[in-house]
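# Summary of the model geometry
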Amino acid sequence: MSKKVLILADIREGKLRNVSLESLAAAKMVADGGEITAAIFGSNGKELADTLAHHGADKIITVSNQELDQYTTDAYFQAFKQVIDHVGPEVIFTGHTAVGRDVSPRIAARIGAGLLSDVTGIEVDGGKVVFTRPIYAGKAFVKKAVKEGIIFATLRPNNIPAQEADTTRTADVEDLSVTLAADTIRTIVKDVVKKSSDGVDLSEASVIVAGGRGVKSEDGFKPLEELAQLLGGAVGASRGACDSEYCDYALQIGQTGKVVTPDLYIAAGISGAIQHLAGMSNSKVIVAINKDPEAPIFQVADYGIVGDLFEVIPLLTEEFKKVLA
Ligand code: FAD
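Every residue gets a number counted from 1 within its own chain, in the order that chain's sequence is written. Under the rules for a predicted model, residues below a pLDDT of 70 receive no local features and side-chain atom pairs below 80 are neither given nor counted, while totals for whole chains, interfaces and linings still include all residues. Side-chain calculation: all heavy atoms of the structure are included, whereas hydrogens and water are not.

### Section: the site of the ligand
Applicable threshold: By convention in this text, a residue qualifies as near a molecule or strand provided that one of its non-hydrogen atoms is within 4 Å of it. Any pair of nitrogen or oxygen atoms within 3.5 Å is treated as a polar contact; in protein, a donor-acceptor pairing is required on top of that, and neighbouring residues in sequence qualify only through side-chain atoms on both sides. Computed with the Shrake-Rupley method and a 1.4 Å probe, the accessible areas treat only the protein chains shown as cover for residues. Secondary structure elements follow DSSP: runs of H or I of four or more residues count as helices, runs of E of two or more count as strands, with numbering from the N terminus. For this classification, the nonpolar set comprises Ala, Val, Leu, Ile, Met, Phe, Trp, Tyr, Cys and Pro, the charged set comprises Asp, Glu, Lys and Arg, and every other residue, Gly included, is treated as polar.
Around the ligand, the structure places 26 residues, and the nearest of them are Arg 213, Ser 238, Thr 256, Ser 271 and Asn 290. The backbone of Arg 213 places a nitrogen or oxygen atom 2.7 Å from an oxygen atom of the ligand. A distance of 3.0 Å separates an oxygen atom of the ligand from a polar atom in the backbone of Gly 269. Alone, the ligand offers 980 Å² of accessible surface; in the complex the protein occludes 76% of this. Mapped by element, the contributors of at least two residues to the shell around the ligand are helix H6 (239–243), helix H7 (274–280) and helix H9 (309–324). Looking at the shell around the ligand, its residues break down into five nonpolar, 15 polar and six charged.

Written as structure tokens, this is what we have:
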């Protein structure tokens, strides 16, 4: 049976995050011919509407209030709730991002829907939608379906591939006017200060070169940065490296850091503590570089290199340069 699906486009620094396009691919899987609507908030929503149409949105609702240019819980909650009331979806998807994780439980509670968070896979079986999500910090996976009511899920970035862009696709664009009473918005964002360096967003990167305490210093991260840049990837870190002040906590991957699922994860000088594995063990290919052949990281690695990272990383960089030349 066809389903009406609504996705919330996730924007960072005026650009659509990939997870918005992945949400449209997920919507296509469950819609079964039903209408797919994308909601996009902020004053440059209309500029991004074409991309959403090219990736599968049939309808786009832009809400252009200036209060939505920067995320605040109150403004997004009110706007999203009004969009949901307007669209009347049977399925709602957001990214499992800072925005989706914050706003979705509030909305779900308000509309009386159950919420499946951090979904990594979707199967549709004779009209029944079954979601996969990790439990016990990624050590096991559970499959769940919603028995009745609205299906609401947050989708982990990098797990459901976006559809190829079809530039001939168009969508109806509706500018919805919503009421955002100023006295109900309790937070004002005055400035956004970027902590991590420019480059690829860690949570959406397809290649991550991560360093641990074995990197030994801030300068020790330089060879990792060079390799990451060559591969169009991002640099990540273990908490050991962050605690030792070799890098910023914005790079931390793991149970209390970011959860990532890149195509390639290169772990250099990381022992492989369970809390680190919780953030990266679902990466598609894991390469571990460690001096200690007994390091637990080798148990989850697809490829293990026993050696000194300061010898191995430059060698890898040279080899990749030849291949990519
Ligand atoms: P170490 O365990 O010190 O390992 C360093 C490794 O580098 C060793 O295996 C060593 O053999 C290798 N090495 C040294 N020199 C070289 C070299 N030249 N070449 C190659 N290899 C070399 N950790 C996280 O990462 N993320 C989290 O989110 C996180 N959350 C936590 C939450 C809680 C509640 C707790 C208690 C802990 C958490 N931790 C987390 C910490 C975690 O338990 C580990 O302490 C941490 O991951 C260790 O970091 P590390 O592997 O870089 O350091």
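### Describing helix H4 (residues 98–111)
Selection rule: How far a helix is expected to stretch is found by multiplying one less than its residue total by 1.5 Å. By definition, a residue's bend is the angle between the axes fitted to the seven residues ending there and the seven starting there. In this description, contact between two residues means that some pair of their heavy atoms is separated by no more than 4.5 Å.
Compared with an ideal rise of 1.5 Å per residue, which puts 14 residues at 20 Å, H4 spans 21 Å between its outermost C-alpha atoms and is within 8% of the ideal. Along H4, the helix axis deviates most sharply at Ser 104, where the bend reaches about 25°; the proline Pro 105 sits within four residues downstream. Buried positions along H4 lie against strand E1 (5–8), helix H3 (73–87), strand E6 (91–95), strand E7 (115–119) and strand E11 (151–155). Of the residues trailing H4, Gly 112 is marked for its positive phi of about 70°.

### Notes on the packing of aromatic side chains
We apply this condition: Whether two aromatic rings pair depends on their centres lying within 6.5 Å, for rings of Phe, Tyr and Trp, where Trp uses its six-membered ring; planes under 30 degrees apart make the pair stacked, over 60 edge-to-face, and the rest tilted. Burial here depends on accessible area, computed with a 1.4 Å probe over protein chains only, as a share of the maximum for the residue type. Under 20% is buried, over 50% is exposed, and the range in between is partly exposed.
All told, the structure shown has four aromatic pairs when counted by the stated rule. Ring centres of Phe 41 and Phe 80 lie 6.4 Å apart, and the angle between their planes is 75°; on these two criteria the pair is classed as edge-to-face. Of this pair, Phe 41 sits in strand E4 (residues 36–41) while Phe 80 sits in helix H3, placing them 39 residues apart in sequence. You can call Phe 41 buried: its relative accessible area is 2%. Ring pairing ties together the aromatic residues Phe 41, Tyr 71, Tyr 76 and Phe 80, which thus form one cluster.

### Considering the environment of Val 259
You can see Val 259 is positioned in the loop between H6 and strand E15 (264–268). A residue is classified by how much of its surface remains accessible, and Val 259, at 33% relative accessible area, is partly exposed. When the C-alpha positions of Val 259 and Met 280 are compared, they lie 6.2 Å apart, and in sequence the two are 21 residues distant.

### Notes on the side chain of Asp 118
Structurally, Asp 118 can be placed in strand E7. Those residues in contact with Asp 118 that lie beyond four places of it in its chain are His 96, Thr 132, Arg 133, Pro 134, Thr 154 and Arg 156.

### Quick word on the UniProt feature "domain: Electron transfer flavoprotein alpha/beta-subunit N-terminal" (unreviewed entry) in the chain
For the record, the criterion: UniProt positions are given in the numbering used here, feature names are shortened, and annotations may be inferred rather than shown by experiment.
The UniProt record marks residues 5–192 with the feature "domain: Electron transfer flavoprotein alpha/beta-subunit N-terminal" (unreviewed entry), using the residue numbering of this structure. When the span residues 5–192 is considered, its composition is 28% helix and 30% strand, and the gap between its end C-alpha atoms is 32 Å.

### What to know about the sheet that holds strand E10 (residues 140–145)
Note the following rule: If DSSP finds at least two bridges between two strands, the strands pair. Every angle, taken between N-to-C directions, lies between 0 and 180 degrees, and every axis is a line fitted to C-alpha atoms, over only the stretch in contact when it is a helix.
An order of E8-E9-E10 is seen for the three strands of this open sheet, with the pairing classed as antiparallel. On the outer flanks of this sheet lie strand E8 (121–125) and E10, each paired with one strand and no other. With strand direction ignored, the average angle separating the axes of adjacent strands in the sheet is 25°. Helix H1 (residues 18–31) contacts E8 and strand E9 (128–135) of the sheet and is inclined by roughly 15° relative to E8.

### With respect to the environment of Leu 230
Topologically, Leu 230 is positioned in helix H5 (residues 222–230). Judged by relative accessible area, Leu 230 falls into the partly exposed class, the value being 29%. Between the C-alpha atoms of Leu 230 and Asp 308, which are 78 residues apart in sequence, the distance is 20 Å. Those residues within four positions of Leu 230 in sequence are excluded, and the remaining contacts are Thr 317, Phe 320, Lys 321 and Leu 324.

### Looking at the nonpolar core
As a reminder of what qualifies: Here, nonpolar core means buried Ala, Val, Leu, Ile, Met, Phe, Trp, Tyr and Cys residues that are tied together by side-chain atoms lying within 4.5 Å of each other.
One finds Leu 52, Phe 93, Ile 122 and Phe 131 to be the most contacted residues of the largest nonpolar core, which totals 31 residues. Counting only elements with at least two residues in this core, the list comes to E1, H1, E4, helix H2 (45–54), E6, E7, E9 and E11. With seven residues, the single largest contributor to this core is H1. Ignoring any residue separated from it by four or fewer positions in sequence, one finds Phe 93 in contact with Val 5, Leu 6, Ile 7, Leu 8, Ser 23, Ala 26, Ala 27, Val 30, Ile 122, Phe 131, Ala 153 and Leu 155. By size, the runner-up hydrophobic cluster in this structure holds 26 residues, among which are Ala 39, Ala 79, Ile 92 and Val 178.

### Some words on the pattern of salt bridges
Which entries qualify depends on this criterion: Put simply, a salt bridge is a Lys or Arg side-chain nitrogen that is within 4 Å of an Asp or Glu carboxyl oxygen.
Applying the stated criterion across every chain yields a total of 17 salt bridges. Residue Arg 12 pairs with Asp 201 through a salt bridge whose shortest N-O separation is 3.3 Å. You can see Arg 12 sitting in strand E2 (residues 11–12) and its partner Asp 201 sitting in the loop between strand E12 (172–175) and strand E13 (207–211), a full 189 residues away along the chain. We classify Arg 12 as partly exposed; its relative accessible area is 41%.

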